[in-house]
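Structure assessment
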Amino acid sequence: MAQKPQTLAEKIISGRAGKEVYAGDITLVDVDVTAVQDGTGPLAVQQLEKMNLVQAANPDRTVLFIDHAAPSPQKDLSNAHVILRTFSKKTGAHLSEAGEGVCHQRLVETYVNPGDILIGADSHTCTSGALGAFSTGMGSTDVAVGIALGKTWFRVPETFLVNVTGEFKKGVYAKDLILHLIGLIGADGATYKALEFRGETVEKMTMSQRFTLANMAVEAGAKAGLFETDATTKAYLEERGRGDKFKEIKADANAVYERVIDIDVSELEPTISKPHTVDNTVTVAEIAGTKIDQVFIGTCTNGRLDDLEIAAKILEGKHRHPDTRLIVVPASKEIFLQAVQKGYIETFIKAGAIIMAPGCGPCVGVHEGALADGEACLATQNRNFQGRMGNTEGFIYLGSPATAAVTAIAGVIADPREVI
Amino acid sequence: MSETIYNGRAFKFGDDISTDHIAPGRLFHLRTNLPELAKHVLEDADPEFAKKVQKGDFVVGGNNFGLGSSREHAPTIIKMAGVSAVLAKSFARIFYRNAINVGLPVLICDTDQIDEGDRLEVDLAGGVIRDVTKGIELTFSPLPDAMITILNDGGLVAHIEKNKGFKFD
């Protein structure tokens, strides 16, 4: 027990700093898991070469993901992928090949455990915070140093406690909650802070819903989105053969929070972020009827089995609007296979969807589903910045898988409560 | 901090300049060719910026500069374009840390007082920004000590090479 009560961020970082640290302290920490992807990994490898440190301190927990441009759409990217494959062979670091899935989903499925510190060269690395790990996004050089030396430095963040109560109405989900929260506090409302999600509603959430919340912590500027561990965390790890890695991680009573945000979800409506910032939120009712040219269901935010199930149930026996394209990308190979076995993929194909390889899909604007000038997309992804989907003249709306599915059928933004 | 004094013109941008504005995803294939990517720096915020910017100039943003992706390529190509420092009212966390790692000074100050084209003089050690055009002085928030150490060593790669690991006093 620490001398002073600790937040989750303080507790987890202290565990790897070898001393008690509190908000504002700067400390070196041991890193458990490091990750890079095909957009940031090649630069990380170049930096290691520059430092003459082509090595991995912990190769079995160093993972190189080919997910952003996978399979490669052009030769420059094919060559970038070779840099990662070669580094993996030289150092023994794990390689997650094209088609295996989005890094954040693969990390929680296979690599990250409660109490771990994960640094990843991708901003949505905060996803793993749902497992009670301190996980955060950094640049290529920071992660490169973490790969080689097994260490990094942190300034311990202050924490906002997000206390969630009430029961979701039908048609309203964790995605609507996180969009609402970001709308409430702003895209820089939690810059540098850790968000700690607690309360009766969070305790009842599945791991998948918790991943959705943690994933988007960075969209409020946060360094991490953290959850306590419980029976749900334990069951998730047990299903994946890591039950022995479970650890109880709870914040101390009377820990110091910079701010407490109370949200009662029983009043929450399906929520949408309008172009071009995530905090530009409205209720679905406010913009229902807006024409949509492309619907995208997938990503590290909402490409998991329960997301696909929600969408498939809505699309069952229906067809996309003739003027609206529908793209579905399962977040990982494991999810893809389960979705095939459960018949969701057949439902999507019959509904007129394009199914693409597990990975980031159209979210980053590298390939697959770039928008035309003036086109609008409704996506289940986490980011709607100008130019994000490959065209500064495109418009991106963010919503839940249910909102996405009903919108694909209607061809205009529609309210999922009309069919659920 | 370094005793360098920088001189240059201000290029003004608004709030929420994202890493997609600075280094767009559609140019993902140029990430392994940074000199080429640098020709497109900030293209999606100002298509002419890369042509107009000269060595020593400043990028001046509003709130939450650099939000979004972890791509270190964003501050790297700003530095490669010759920009001596980025000034903003606030920065997104990952961009801020990346900028220091690549040796690009990032200064938090009241940029509302600076206009496009103003001639600026930045004294890093003295902690002062002089808007020569307007005849005013602005102060900026000090960096954390760990970041000053890294910046003074010339970035994170140089810091690790010099100290054979992290060394914060």
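Before reading on, note that the structure itself is shown above.
Residues numbered from 1 in each chain as written. Chains lettered and ligands numbered in written order. Predicted model: local features only at pLDDT ≥ 70, side-chain atom pairs only at ≥ 80, totals over all residues.

For the bond from A70 of chain A to P71 of chain A, the omega torsion is -5°, close enough to zero to count as cis. In this structure, H276 of chain A follows P275 of chain A across a cis peptide bond, with omega equal to -5°. Tracing the sequence through the fold places H276 of chain A in the loop between β12 (271–273) and β13 (281–283). One non-glycine residue, N254 of chain A, lies in positive phi territory at about 70°. Of note, N254 of chain A is situated in the loop between α9 (231–239) and β11 (259–264). In this structure N254 of chain A comes out as exposed when scored by C-beta crowding, with 9 C-beta atoms within 10 Å. Of note in the backbone geometry, L42 of chain B takes a positive phi value of approximately 60° without being a glycine. You can see L42 of chain B is positioned in the loop between α2 (34–38) and α3 (49–52). (Helix = DSSP H or I, 4+ residues; strand = E, 2+ residues; numbered from the N terminus. Buried ≥ 20, exposed ≤ 12 C-beta atoms within 10 Å, placed from the backbone.)

Residues and elements named next belong to chain A. Under the 1.5 Å per step criterion, the end-to-end length of helix α3 (residues 75–91) is 25 Å for 17 residues, consistent within 8% with the ideal 24 Å. All of the buried residues in α3 are L77, A80, H81, L84, F87 and S88. Relative to the axis of α3, the buried residues are bounded by an arc of 115° and lie together on one face. Seen from the buried face of α3, the exposed residues on the opposite side, beyond 90 degrees, are K75, V82 and K89. Elements that come into contact with the buried residues of α3 comprise α2 (41–50), β3 (62–65) and β4 (94–96). (Expected span 1.5 Å × (residues − 1). Arc of directions from axis to C-beta. Contact = placed C-beta atoms within 7 Å.)

This part covers the sheet that holds β11 of chain A. Residue and element names in this part refer to chain A. Taken in spatial order, the four strands make up an open sheet running β10-β9-β8-β11, and their pairing is parallel. A strand with exactly one partner marks an edge of an open sheet, and here the two such strands are β10 (224–227) and β11. Shown here is a sheet whose adjacent strand axes are inclined to one another by a mean of 25°, direction ignored. In this sheet, strand β9 (residues 194–198) lies alongside strand β8 (residues 159–165) in parallel orientation, the contact comprising five bridges. Bridging across to β9, N163 finds its partner in R198. Along the sheet face, helix α1 (residues 8–17) touches β8, β9 and β10 and points at about 95° away from the line of β10. (Pairing = 2+ DSSP bridges. Axes fitted to C-alpha atoms, helices over the stretch in contact; angles between N-to-C directions.)

Looking now at the interface of chain A and chain B. Taken together, the 47 residues of chain A in the interface contact 37 residues of chain B. Among the secondary structure elements, those contributing two or more residues to the side of chain A that touches chain B are β1 (26–30), α2, α3, α5 (140–149) and β7 (151–155) of chain A. For the side of chain A that touches chain B, the leading source of residues is α5 of chain A, giving five residues. Taken together, the residues that form the side of chain A that touches chain B break down as 18 nonpolar, 19 polar and 10 charged. (Nonpolar A, V, L, I, M, F, W, Y, C, P; charged D, E, K, R; others polar.)

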